[in-house]
Amino acid sequence: MTVFHAELAGVARTYPGVAGHPAVHALGPVDLGLVRGEFFSVVGPSGCGKSTLLEVLAGLSPASTGTIVFEGAPVAGAVPDGIGVVFQEDASFPWLSVWDNVAFGLRRAGIEPGETERRVREAIAFMGLKDFAHAYPAQLSGGMRQRVCIARTLVLRPRLILLDEPFGALDAQTRLLMGDELLRLWRETGATVLLITHALDEAAMLSDRVGAMSARPGRFIDIVETGWPRERDSRIVAQSGFGKITGRLWTSLREESLKALGHAHGAAAG
Ligand SMILES: Nc1ncnc2c1ncn2[C@@H]1O[C@H](COP(=O)(O)OP(=O)(O)O)[C@@H](O)[C@H]1O
Ligand SMILES: [Mg+2]
């Protein structure tokens, strides 16, 4: 029997109706077991419940049914120690320097100053931000601001890193290079990674496994094992097996994406 690093069993989430709006069944039920140290990506049509899945797994949003377990303990009500979250939106604080942004979580957790300084220096160097430690977010490119956000999470030394479309706002080339950074981070920290993305190529390139979700309420309709070696980078997009993986993902998702657009019968041409 596999002991999963994190596991969701029968997890569903319905947002209660408010002010005359009906309740929204956003997710599931889903079952998902993340193997310790794996890189798992989730793709699915817009609005299918991907962010909801991440929030429920992180303990940020309550499951309506089912159980979530991280490192053997139930998750409910708060982000467990050991889980780090990187959100889609640039969540850096514009009024703090890069250094203070990265130090923020450690200071708030009351970590002693010497240890905070060591860890911040390490995370900043790891993310290639050394020359910008005293810059402010507005002085950085979008890719660098996203690196600040990753450094902020990394400094807490998470064993499970959850990322919600972290590169969504970046251009295609920068996304590929940020993907390489993420692979390096994954390899060198040994963390388990769950990446939410709308980009099939990103999922296919980065992951050990990719879960494709149905239209809302999202459930897994396919899970693809890529078979990539642990030592890999964005050059994988040129390999022949790469197109097979993105092709299979799109075959699963096409109908679901049409549903999400309101074309329930797949009436669109082509
Ligand atoms: N706080 C909320 N209250 C009510 N409905 C919500 C809330 N958050 C998300 N939803 C709805 O749940 C569904 C799934 O949302 P979400 O998980 O954000 O999807 P995705 O990340 O896949 O785009 C959507 O229909 C969305 O409108
Ligand atoms: Mg989302």
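In this text, all values refer to a predicted model and were calculated from it rather than measured experimentally. (Residues numbered from 1 in each chain as written. Chains lettered and ligands numbered in written order. Predicted model: local features only at pLDDT ≥ 70, side-chain atom pairs only at ≥ 80, totals over all residues.)

### Quick look at the domain arrangement of the protein chain
Interface size, as often reported, equals the accessible area lost upon joining of the parts.
Then step 1. Domain parsing of the protein chain yields domain 1 (1–15 + 23–82 + 158–270) and domain 2 (93–157).
Then step 2. If you average the C-alpha positions of domain 1 and of domain 2, the two centres end up 26 Å apart.
Then step 3. Each partner contributes residues to the interface: domain 1 has nine residues there, and domain 2 has seven residues.
Then step 4. Partitioning the side of domain 1 that touches domain 2 into residue classes produces eight nonpolar, one polar and no charged. (Domains from an automatic or database assignment. Contact = placed C-beta atoms within 7 Å. Nonpolar A, V, L, I, M, F, W, Y, C, P; charged D, E, K, R; others polar.)

### Brief notes about the sheet that holds strand β8 (residues 192–196)
Then step 1. Within the open sheet, the six strands sit side by side as β6-β7-β8-β3-β9-β10. Their pairing is mixed. Either end of the sheet is taken by a strand with one partner, and the two such strands are β6 (83–86) and β10 (220–225). Averaged over all pairs of adjacent strands, the angle between their axes in this sheet comes to 15°, without regard to strand direction. (Pairing = 2+ DSSP bridges. Helix = DSSP H or I, 4+ residues; strand = E, 2+ residues; numbered from the N terminus. Axes fitted to C-alpha atoms, helices over the stretch in contact; angles between N-to-C directions.)

### Focus: the packing of helix α2 (residues 98–108) against helix α4 (residues 142–154)
For any two helices packed against each other, the geometry is given by the interaxial angle and the distance between the axes.
Then step 1. Where α2 meets α4, the axes come as close as 7 Å, and the angle between the chain directions of the two elements is 30°. You can see that α2 and α4 cross each other, and the crossing is right-handed. Contacts from V98, N101, V102, F104 and G105 in α2 reach V148, A151 and R152 in α4. (Left-handed = near helix turned anticlockwise from the far one by under 90°.)

### Side note on α2
Then step 1. Those residues of α2 not exposed but buried are V98, N101, V102, A103 and L106.
Then step 2. Elements that come into contact with the buried residues of α2 comprise α3 (113–126) and α4.
Then step 3. Two residues or fewer after α2 comes G110, characterised by a positive phi angle close to 75°. (Buried ≥ 20, exposed ≤ 12 C-beta atoms within 10 Å, placed from the backbone.)

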